[in-house]
Amino acid sequence: MQLPQAEEVDHFGTPSFRVRGKIFAQFSRRDDRVILKFSLDELDVLRMSADDLFEPDPSWGKHGWTHVRIAGMEEVWVNQLLRDAWRRVTPKKLHIALESDT
């Protein structure tokens, strides 16, 4: 992980990625998906543009957790989605560290 302070931690048998204990991404039990955190407004916009790629989690979707089909998705888009999910759970001071690294 190239995101500041990101670490990989097991979460019910699948890798999750966290900053200061807060999850921002997790591998799904299905091979072609990851679970990312979005705001509900962001999720609405993403689903309007590519509904087949974004599926709210049945249990946690009301909190923004969404299954994202990344198989076949351009790497630059996957990287941006990960960075955005990371930003949602990190203090703003860490955002500056990320911007200075890019």
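Scroll up to find the structure.
Residues numbered from 1 in each chain as written. Predicted model: local features only at pLDDT ≥ 70, side-chain atom pairs only at ≥ 80, totals over all residues. Heavy atoms only, no water.

1. So, the overall build of the protein chain
So, step 1. Looking only at helices and strands, the protein chain features three helices and six strands.
So, step 2. Starting at the N terminus, the α and β elements of the protein chain follow one another as β-β-β-β-α-β-β-α-α.
So, step 3. Relative to the compact-globule value of 13 Å for 102 residues, the protein chain shows a C-alpha radius of gyration of 13 Å, a close match.
So, step 4. Projecting the C-alpha coordinates of the protein chain onto the three principal axes gives extents of approximately 35 × 30 × 25 Å. (Helix = DSSP H or I, 4+ residues; strand = E, 2+ residues; numbered from the N terminus. Rg over C-alpha atoms; globule rule 2.2 N^0.38 Å.)

2. What about the pairing of strand S6 (residues 65-69)?
So, step 1. Within S6, four of the five residues are buried, which leaves it mostly tucked inside the rest of the structure.
So, step 2. One ladder, built from five bridges, connects strand S4 (residues 33-37) with S6; its direction is antiparallel. Bridge assignment links Lys37 to a residue of S6, and that residue is Trp65.
So, step 3. The pairing of strand S5 (residues 54-56) with S6 spans three bridges and is classified as antiparallel. (Buried < 20%, exposed > 50% of the residue type's maximum accessible area, 1.4 Å probe, protein only. Pairing = 2+ DSSP bridges.)

3. Some remarks on helix H1 (residues 40-50)
So, step 1. Taken together, the buried positions of H1 are occupied by Leu43, Leu46 and Ala50. Each buried residue of H1 sits inside an arc of 65° when the element is viewed along its axis, so together they form one side. Those residues of H1 that are exposed and angled more than 90 degrees off the buried face are Asp41, Val45 and Met48. (Arc of directions from axis to C-beta.)

4. Quick look at the side chain of Thr90
So, step 1. Here Thr90 lies in the loop between helix H2 (75-89) and helix H3 (92-101).
So, step 2. Relative accessible area serves as the criterion here: at 9%, Thr90 is assigned to the buried category.
So, step 3. From its side chain, Thr90 meets the backbone oxygen of Trp86 in a polar contact 3.2 Å long.
So, step 4. Apart from the residues lying within four places of it in its own chain, the contact partners of Thr90 are Val19 and His95. (Polar contact = N/O pair within 3.5 Å; in protein donor to acceptor, adjacent residues only side chain to side chain. Contact = heavy atoms within 4.5 Å.)

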